[in-house]
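Okay, here's what each chain looks like letter by letter:
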Amino acid sequence: ETGVTQSPTHLIKTRGQQVTLRCSSQSGHNTVSWYQQALGQGPQFIFQYYREEENGRGNFPPRFSGLQFPNYSSELNVNALELDDSALYLCASSLGGGNEQYFGPGTRLTVT
Amino acid sequence: QKEVEQDPGPLSVPEGAIVSLNCTYSNSAFQYFMWYRQYSRKGPELLMYTYSSGNKEDGRFTAQVDKSSKYISLFIRDSQPSDSATYLCAMRLQGGSEKLVFGKGTKLTVNP
């Protein structure tokens, strides 16, 4: 059974640029959630996708957007990057319906 | 008041000690309670997952939920240096987007 994978591992971008982060869910999981974890903080919920539809969104601006594909993998897109977007971006997958969420290793984004 | 409060520590204990980690929360509608372990620069790893009140034991780990006091605990018996990590509590409502609300995390060091 393959766990949750994310790419890339690290990324450095300049303020104002756009970035796309990718996540492959654990085998059999149909739900993907994205979280942002700033240094020294707990993860903050960005949004969740269930069967290719957005299924809830946290307190993040519209420049944070996402997609889920038929194979349940997912992308997180961030436009007009700001310095405060520097963080560890985590993807978690689950079977939905109240089951456990399993996290990937994260993508560390640095905005300069 | 934050929805989930967790003392960030740091907490330093000798090997073999019993460790007690705690979180309080304000939303009485939370039904699912989790503990994650996060090693430095890695994704969170699910340790314990409980529904509603009560105790759950898994090896050296015991999770307790007291919904009347809005208080959850994780106990680690016979702590090992490999337990050194940040421990995150998380919780969520029943139904809806399955958004996890995290505490800030407690940094634990177990000294050999």
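Residues numbered from 1 in each chain as written. Chains lettered and ligands numbered in written order. Predicted model: local features only at pLDDT ≥ 70, side-chain atom pairs only at ≥ 80, totals over all residues. Heavy atoms only, no water.

*Asks:* How do you make sense of the packing of aromatic side chains when you look at a structure like this?
*Replies:* For any pair of aromatic rings, the description rests on two quantities: the centre-to-centre distance and the angle between the ring planes. Taken as a whole, this structure holds 12 aromatic pairs over all chains when the rule is applied. Relative to A:F103, the ring of A:Y35 has its centre 5.4 Å away and its plane inclined at 50°; by these criteria the two rings are tilted. Pair noted here: A:Y35 is in strand 4 (residues 31-37) and A:F103 is in strand 10 (residues 102-103), with a separation of 68 residues, a long-range link. Each member of the pair A:Y35 and A:F103 is classed as buried. Taking 5.7 Å as the distance between ring centres and 45° as the angle between the ring planes, the aromatic pair formed by B:Y36 and B:F102 counts as tilted. With B:Y36 in strand 4 (residues 32-38) and B:F102 in strand 10 (residues 101-102), this pair connects stretches of sequence that are 66 residues apart. For B:Y36, a relative accessible area of 0% puts it in the buried group. Residue B:F102 is classed as buried on the basis of its relative accessible area of 5%. Taken together through their ring pairs, the aromatic side chains of A:Y35, A:F45, A:F103, B:Y36 and B:F102 make up a single cluster. Seen from the ring of B:Y32, B:R92 lies directly overhead, with NZ or CZ sitting 4.5 Å from the centre. (Phe/Tyr/Trp six-rings, centres within 6.5 Å; stacked < 30°, edge-to-face > 60°. Helix = DSSP H or I, 4+ residues; strand = E, 2+ residues; numbered from the N terminus. Buried < 20%, exposed > 50% of the residue type's maximum accessible area, 1.4 Å probe, protein only. Lys NZ or Arg CZ within 6 Å of the ring centre and 35° of its normal.)

*Asks:* Is there a simple way to explain the sheet that holds strand 7 (residues 64-68) of chain A in this structure?
*Replies:* Pairing between the strands of a sheet comes from backbone hydrogen bonds, and it takes one of two forms, parallel or antiparallel. All names here are of chain A. Taken together, 4 strands build an open sheet; the order of strands is 1-3-8-7 and the sheet is antiparallel. The sheet is open, and its two edges are formed by strand 1 (5-7) and strand 7, each paired on a single side. When strand polarity is set aside, the average angle formed by the axes of neighbouring strands in this sheet is 20°. Sheet topology places strand 3 (residues 19-24) next to strand 8 (residues 74-78); 5 bridges connect them, and they run antiparallel. Looking at the pairing, L21 lines up with L76 of strand 8. (Pairing = 2+ DSSP bridges. Axes fitted to C-alpha atoms, helices over the stretch in contact; angles between N-to-C directions.)

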